[in-house]
Amino acid sequence: EMPDEIVDAVEEAAEDAAEALGPVVGIVMGSQSDWPTMRPARDTLRVLGVPHEVRIVSAHRTPDRLFDYAETATGRGLKAIIAGAGGAAHLPGMLAAKTRVPVLGVPVQSRTMNGLDSLYSIVQMPRGIPVGTFAIGEAGAANAALFAAAMLATTDAELAERLDMLREAQTASVAEEPDDL
Ligand code: RP5
């Protein structure tokens, strides 16, 4: 049998290697005020064990940060970018214009137009630069994360298993009849 200290050392090296791989999904948002909307994306990736990072990147207020984020995305190994923004929501489209990493856009519910402005801004990309667009708000954020995980699961059997388990748990949680009939 292998001595404990060797097993420990191997486990530690494996953890370091996983960390060194770095995030595969980037979650970005235009403002601190978008975070409550985008949190379900982070929570979902966390539950599924998908390495991720979370950043504030504004197309309008930090355009250089946006360019830098997009330009370094492939080199840093990102496989998907989940981008949430509200109002004149240029962030997902501008990111998509600067990187071939697939961009999943989440329209944030705005105060003035309930997020319809965000939805139209993100979904109506002219032909040539696609942005996958999700529902307005937290459901969209969670679904964007599930979608990113599903794409990654096509080449990651362990992640596929975790995703199947999550969906089975969801199915099992639905009652046959409503409460208080
Ligand atoms: C967008 O403007 C952000 O994505 C946010 O949804 C909206 C409002 O931003 P704050 O004024 O709250 O920073 O850029």
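Definitions and cut-offs
Residues numbered from 1 in each chain as written. Predicted model: local features only at pLDDT ≥ 70, side-chain atom pairs only at ≥ 80, totals over all residues. Axes fitted to C-alpha atoms, helices over the stretch in contact; angles between N-to-C directions. Helix = DSSP H or I, 4+ residues; strand = E, 2+ residues; numbered from the N terminus. Parallel < 35°, antiparallel > 145°, perpendicular 65-115°, else oblique. Left-handed = near helix turned anticlockwise from the far one by under 90°. Contact = placed C-beta atoms within 7 Å. UniProt positions renumbered as here; feature names shortened; annotations may be inferred. Expected span 1.5 Å × (residues − 1). Buried ≥ 20, exposed ≤ 12 C-beta atoms within 10 Å, placed from the backbone. Arc of directions from axis to C-beta. Core = buried A, V, L, I, M, F, W, Y, C linked by C-beta atoms within 7 Å. Pairing = 2+ DSSP bridges. Right-handed = clockwise from strand over helix to strand, strands pointing away.

**A closer look at the packing of helix H3 (residues 63-73) against helix H4 (residues 91-98)**
In the contact formed by H3 and H4, the axes pass within 8 Å of each other and the chain directions differ by 45 degrees. Here H3 lies oblique to H4, going by the angle between them. With respect to the hand of their crossing, H3 and H4 are arranged in right-handed fashion. Note on element contacts: H4 touches H3 through Leu91, Met94, Leu95 and Lys98, opposite Leu66, Phe67, Ala70 and Glu71.

**A closer look at the UniProt feature "binding site: substrate" (unreviewed entry) in the protein chain**
Under the feature "binding site: substrate" (unreviewed entry), the UniProt entry names Ser31, Asp34 and Arg61. These annotated residues cover 31 residues of sequence, but their C-alpha atoms sit close together, with the largest distance between any two at 14.3 Å. Looking at the element boundaries, Asp34 is found in the loop between strand E1 (25-29) and helix H2 (35-48). Sequence-distant contacts of Asp34, that is, excluding residues within four places in its chain, are made with Met29, Gly84, Ala85, Gly86 and Val108. Take Arg61: it is sitting in the loop between strand E2 (52-56) and H3.

**Notes on H2**
In a regular helix each residue adds 1.5 Å, so 14 residues correspond to 20 Å; H2 covers 20 Å between its end C-alpha atoms and thus fits that length. If you check which residues of H2 are buried, you get Thr37, Met38, Pro40, Ala41, Thr44, Leu45 and Leu48. Take H2 and look down its axis: the buried residues cluster within an arc of 135 degrees, on one side only. Residues Pro36, Arg46 and Val47 are exposed on H2 and point more than 90 degrees away from its buried face. The secondary structure elements touched by the buried residues of H2 are E1, E2, strand E3 (80-86), strand E4 (103-108), helix H6 (138-153) and helix H7 (157-172). Where H2 terminates, the next one or two residues include Gly49, which has phi positive at roughly 70 degrees.

**Examining unusual backbone geometry**
We note that Asn114 has phi near 60 degrees; this positive angle belongs to a residue other than glycine. In this structure Asn114 comes out as exposed when scored by C-beta crowding, with 12 C-beta atoms within 10 Å. Its identity as a non-glycine residue notwithstanding, Asp180 has a phi of 60 degrees, on the positive side. For Asp180, the location among the structural elements is in the segment after H7. Note on Asp180: 4 C-beta atoms within 10 Å, which makes it exposed.

**Considerations on the nonpolar core**
Ranked by internal contacts, the top residues of the largest apolar core, which has 43 residues, are Ile82 and Leu91. At the level of secondary structure, the elements contributing two or more residues to this core comprise E1, H2, H3, E3, H4, E4, helix H5 (116-123) and H6. It is H6 that provides the largest number of residues to this core, a total of seven residues. If we skip the residues at most four places from it in the chain, Leu91 touches Val28, Gly30, Val57, Ala59, Leu66, Ala83 and Ala85.

**What about the pairing of E3?**
Where burial is concerned, most of E3 is hidden: seven out of the seven residues are buried. Of the two faces of E3, the one carrying Ala80, Ile82, Gly84 and Gly86 and the one carrying Ile81, Ala83 and Ala85 are both buried. Taken together, the five bridges between E1 and E3 define a ladder with parallel strand orientation. Bridging across to E3, Val25 finds its partner in Ala80. In the sheet, E3 pairs with E4 via six bridges, with the strands oriented parallel. The residue of E4 that forms the bridge with Ala85 is Pro107. Between the parallel elements E3 and E4, the chain passes through H4 in a crossover that is right-handed.

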